[in-house]
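# Examination of the molecular architecture
Listed below, chain by chain, are the residues.
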Amino acid sequence: MSSPALEIGALAAARNVVARDLLLAFRRPGDWLQPLAFFVIVTMLFPLALNSEPSVLRTIAPGALWVALLLASVLALDFLYREDGHDGTLEQFALSGQPFAVLLLAKTATHWLLTGLPLAIVGPLAAVSLGAPGGSMPGVLGSVLLGSVSLSLLGSIGAGLTLGLRRGGALLSLLLLPLLIPTLIFGARATQLAILGDSAAQPLYLLGALAILSLTLAPLAAATAVRISLE
Amino acid sequence: MLEVKQLHLWRGDRHLLKGVGFALHSGQALQLLWPNGTGKTSLLRCIAGFLYAEEGQVLWDGSPVARTRDAFNCQLAYLGHEPALKGDLTAIENLRYSLGLRHKVNEAQMQAALQTAGLAHLDPQQPVRSFSAGQRKRVALARLSLWRARLWLLDEPAANLDAAGQAVLGATLVQHFANGGSALIATHQPLELPGIDARRWLSPEAAS
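Residues numbered from 1 in each chain as written. Chains lettered and ligands numbered in written order. Predicted model: local features only at pLDDT ≥ 70, side-chain atom pairs only at ≥ 80, totals over all residues.

When helices and strands are counted, chain B shows six helices and nine strands. Here the C-alpha atoms of chain B give a radius of gyration of 17 Å, agreeing with the 17 Å that 2.2 N^0.38 yields for 208 residues. In terms of overall dimensions, chain B has a C-alpha envelope of 50 × 35 × 35 Å along the principal axes. Buried residues in chain B amount to 43% of all 208 residues. Partitioning the intrachain contacts of chain B with sequence separation of at least 6 by distance along the chain shows that 71% fall at a separation of at least 24. (Helix = DSSP H or I, 4+ residues; strand = E, 2+ residues; numbered from the N terminus. Rg over C-alpha atoms; globule rule 2.2 N^0.38 Å. Buried ≥ 20, exposed ≤ 12 C-beta atoms within 10 Å, placed from the backbone. Contact = placed C-beta atoms within 7 Å.)

Below, the discussion takes up the sheet that holds strand S3 (residues 28-32) of chain B. Sheet strands pair by backbone hydrogen bonding; their relative direction is either parallel or antiparallel. Residues and elements named next belong to chain B. Spatially, five strands are ordered S6-S7-S8-S3-S9 in an open sheet, and the strand pairing comes out parallel. In this open sheet, the two strands that pair with only one neighbour each are strand S6 (76-79) and strand S9 (197-201). Strand-to-strand, the axes of this sheet are offset by a mean angle of 15 degrees, without reference to chain direction. Of the pairings in the sheet, the one linking S3 to strand S8 (residues 182-186) comprises four bridges and is parallel in character. Across the sheet, residue Ala29 finds its bridge partner in S8, namely Ala183. (Pairing = 2+ DSSP bridges. Axes fitted to C-alpha atoms, helices over the stretch in contact; angles between N-to-C directions.)

Another point: helix H3 (residues 54-77) of chain A. The end-to-end C-alpha separation of H3 of chain A is 33 Å, in line with the 34 Å expected for 24 residues at 1.5 Å each. By the largest-angle criterion, Ile60 of chain A marks the main kink of H3 of chain A, which is about 50 degrees, and a proline, Pro62 of chain A, follows within four residues. (Expected span 1.5 Å × (residues − 1). Bend = angle between axes of the 7 residues up to and from the residue.)

Turning our attention to the domain arrangement of chain B. When the parts of a complex come together, some accessible area is lost, and that lost area is often taken as the interface size. All names here are of chain B. Domain parsing of chain B yields domain 1 (1-75 + 149-208) and domain 2 (90-146). Put simply, the middle of domain 1 and the middle of domain 2, counted by C-alpha atoms, are 24 Å apart. Each partner contributes residues to the interface: domain 1 has 10 residues there, and domain 2 has nine residues. Looking at which element gives the most residues to the side of domain 1 that touches domain 2, the answer is helix H6 (residues 163-178), with six residues. Split by residue class, the side of domain 1 that touches domain 2 holds five nonpolar, four polar and one charged. (Domains from an automatic or database assignment. Nonpolar A, V, L, I, M, F, W, Y, C, P; charged D, E, K, R; others polar.)

What follows deals with the environment of Val18 of chain A. All names here are of chain A. Here Val18 is to be found in helix H1 (residues 10-27). The class for Val18 is partly exposed, based on 14 C-beta atoms found within 10 Å. In sequence terms Val18 and Leu103 are 85 residues apart; their C-alpha atoms lie 8.9 Å from each other. Leaving out residues up to four positions away in the same chain, Val18 has contacts with Ala106, Ala109 and Thr110.

Right, let's talk about the confidence of the model for chain A for a bit. As a general rule, the predicted coordinates of low-pLDDT regions are not to be interpreted in detail. Confidence along chain A averages 92 in pLDDT terms, with 98% of residues attaining 70 or more. Looking over chain A, one finds the lowest element-wise mean pLDDT in helix H8 (residues 169-179) of chain A, namely 89, and the highest in H1 of chain A, namely 96. (pLDDT = per-residue confidence, 0-100.)

The subject of this paragraph is the nonpolar core. Grouped together as the largest cluster of nonpolar side chains are 123 residues, with contacts concentrated most on Leu69 and Val226 of chain A together with Leu76 and Leu153 of chain B. A domain-level breakdown of this core finds at least three residues from each of domain 1 (1-75 + 149-208) and domain 2 (90-146) of chain B. If near-sequence neighbours (up to four positions away) are discounted, Val226 of chain A is found in contact with Tyr81, Leu90, Leu104, Gly160 and Leu163 of chain A. (Core = buried A, V, L, I, M, F, W, Y, C linked by C-beta atoms within 7 Å.)

Turning our attention to the packing of H3 of chain A against helix H6 (residues 100-129) of chain A. Residue and element names in this part refer to chain A. The contact between H3 and H6 brings their axes to 11 Å, and the two run at 160 degrees. On the basis of the axis angle, H3 is roughly antiparallel to H6. For the pair H3 and H6, the crossing hand works out as right-handed. On the side of H3, the interface is formed by Ala61, Leu65, Leu69, Ala72 and Ala76, while H6 contributes Thr115, Leu119, Gly123, Ala126 and Ala127. Class assignment of the residues belonging to the contact of H3 with H6 gives a composition of eight nonpolar, two polar and no charged. (Parallel < 35°, antiparallel > 145°, perpendicular 65-115°, else oblique. Left-handed = near helix turned anticlockwise from the far one by under 90°.)

Turning our eyes to something else, we now look at the pairing of S3 of chain B. Residue and element names in this part refer to chain B. Of all five residues that make up S3, four are buried, and the element is covered over most of its length. Bridge analysis of S3 against S9 gives five bridges, and the strand direction is parallel. Opposite Ala29, over in S9, you have Ala198 as the bridge partner.

Moving on: the confidence of the model for chain B. Looking at chain B, pLDDT values average 91 and 99% of them are 70 or higher. Per the prediction output, this complex has pTM 0.93; the corresponding ipTM is 0.92.

Moving on, we get to the interface of chain B and chain A. In this complex, chain B contributes 29 residues to the contact, which on the side of chain A involves 24 residues. For the side of chain B that touches chain A, the element with the most residues is helix H2 (residues 69-74) of chain B, which contributes three residues. Of the residues in the side of chain B that touches chain A, the class split is 12 nonpolar, nine polar and eight charged.

Residues and elements named next belong to chain B. For strand S1 (residues 2-11) and strand S2 (residues 14-24), the ladder comprises eight bridges, and the chain directions are antiparallel. Within the sheet, the bridge partner assigned to Leu2 lies in S2 and is Leu24. A loop of two residues connects S1 with S2, the two strands running antiparallel in sequence, and Gly12 in this loop sits at a positive phi of about 65 degrees.

Let's shift gears to the sheet that holds strand S4 (residues 55-60) of chain B. With antiparallel pairing, the four strands of this open sheet are ordered in space as S2-S1-S4-S5 (chain B). Lying at the two open borders of the sheet, with one neighbouring strand each, are S2 and strand S5 (63-64) of chain B.

The subject of this paragraph is the packing of H6 of chain A against helix H7 (residues 137-161) of chain A. Residue and element names in this part refer to chain A. Between H6 and H7, whose axes approach to 8 Å, the crossing angle comes to 150 degrees. One way to sum up the angle between H6 and H7 is to call them roughly antiparallel. The two elements H6 and H7 cross, and the hand of that crossing is right-handed. From H6, Leu104, Thr108, His111, Trp112, Gly116, Leu119, Ala120, Gly123, Pro124, Ala127 and Val128 reach across to H7, where they touch Met137, Val140, Leu141, Val144, Leu145, Ser148, Val149, Leu151, Ser152, Leu153 and Ser156. Residue classes in the contact of H6 with H7 are distributed as 15 nonpolar, seven polar and no charged.

Residues and elements named next belong to chain B. Located in the positive-phi region is Asp61, a residue other than glycine, with phi close to 50 degrees. Mapped onto the secondary structure, Asp61 falls in the loop between S4 and S5. Judged by the 14 C-beta atoms lying within 10 Å of it, Asp61 is partly exposed. The phi dihedral of Ala84 falls on the positive side, at around 55 degrees, and the residue is not glycine. Checked against the element boundaries, Ala84 lands in the loop between S6 and helix H3 (91-99). Given 22 C-beta atoms within a 10 Å radius, Ala84 is considered buried.

Spelled out as structure tokens, the structure:
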């Protein structure tokens, strides 16, 4: 019988997962466009609900932006593992002989490309529409970009834990939002400093540190969480 | 060779598997014909590593699989209740991405496997979403034959298959045994596998 050993390495297998998820997203764009539309609509609600005084809007812009970003991310995380968990794909990942955490990290990375990255691109535009000066856009972009990496990675742990539940969405928010508070604090602070025209370097460094920390620890925790949910 | 020794498994407060043991050599099949709810699926999932047995051992070629899980998984193909196919992808795309986790994929081989499974007449652009349950099972059988795994764990492989589909299943299995593979099959209807050492195990209390 031909050798049943693995012919390809973990990286090639991870590339295969990324290619598959991108193709699926292309076939069904609703999944990743929804959180983006949610984010845009929520940020647009603030000028309507408050008054359209630019000074007021500029004061609340960082908070409004980041709360909307957090909620949109959690909304997006609900479909990170759900379909693959229900149709048996994650079981096949676990049995592939490839490192499970690497395959799941490939899924999370694709998920970030499809949700985190578009949010980071739209974020500065939303800030400007809330009265932030155009010069603040690089700072806002940096904060949302770094922040969304942590949000996706930490979120993958919560998505793994709630995978086995039929109605995991609400529990996912309750579980995740407290975990995401540090990212919210530093992200909103960086955005605020950028809007005020000050240097946002300090909170951006902290956001970067959070992103690196989640990159090292979250994939292993997520893999364990998914394994427990598969039981 | 797969050996299971004195396996005890609890699900919640139910003692499901009470000291199950058997050996499965290459070229052999073992058909689990246990009644509903007596732990067929749990036994398969336990060997696949999704469930942890409280007691007992699973040995592959003489060494415990708990210690060599990744190496054991490479030799394993598991076909569960869910066929692990994506509705938005075509049959060949499904094969490409599933097999691509382990092997360099070969388009001609995949086409041939789909043809053997009796799916050649379908539009190649058709997404699996529009397949019937039996056609999906046939795609899963095509994938099974391409995985080059030595041990197959099959959970109700004949479910949803028509007579022609069952013949495909039989032929796929016979080819697998001819290559020296083995299979543990949970099923309600005994499979007809002419010329194959395919023991039938009727209940967990009876000896294998």
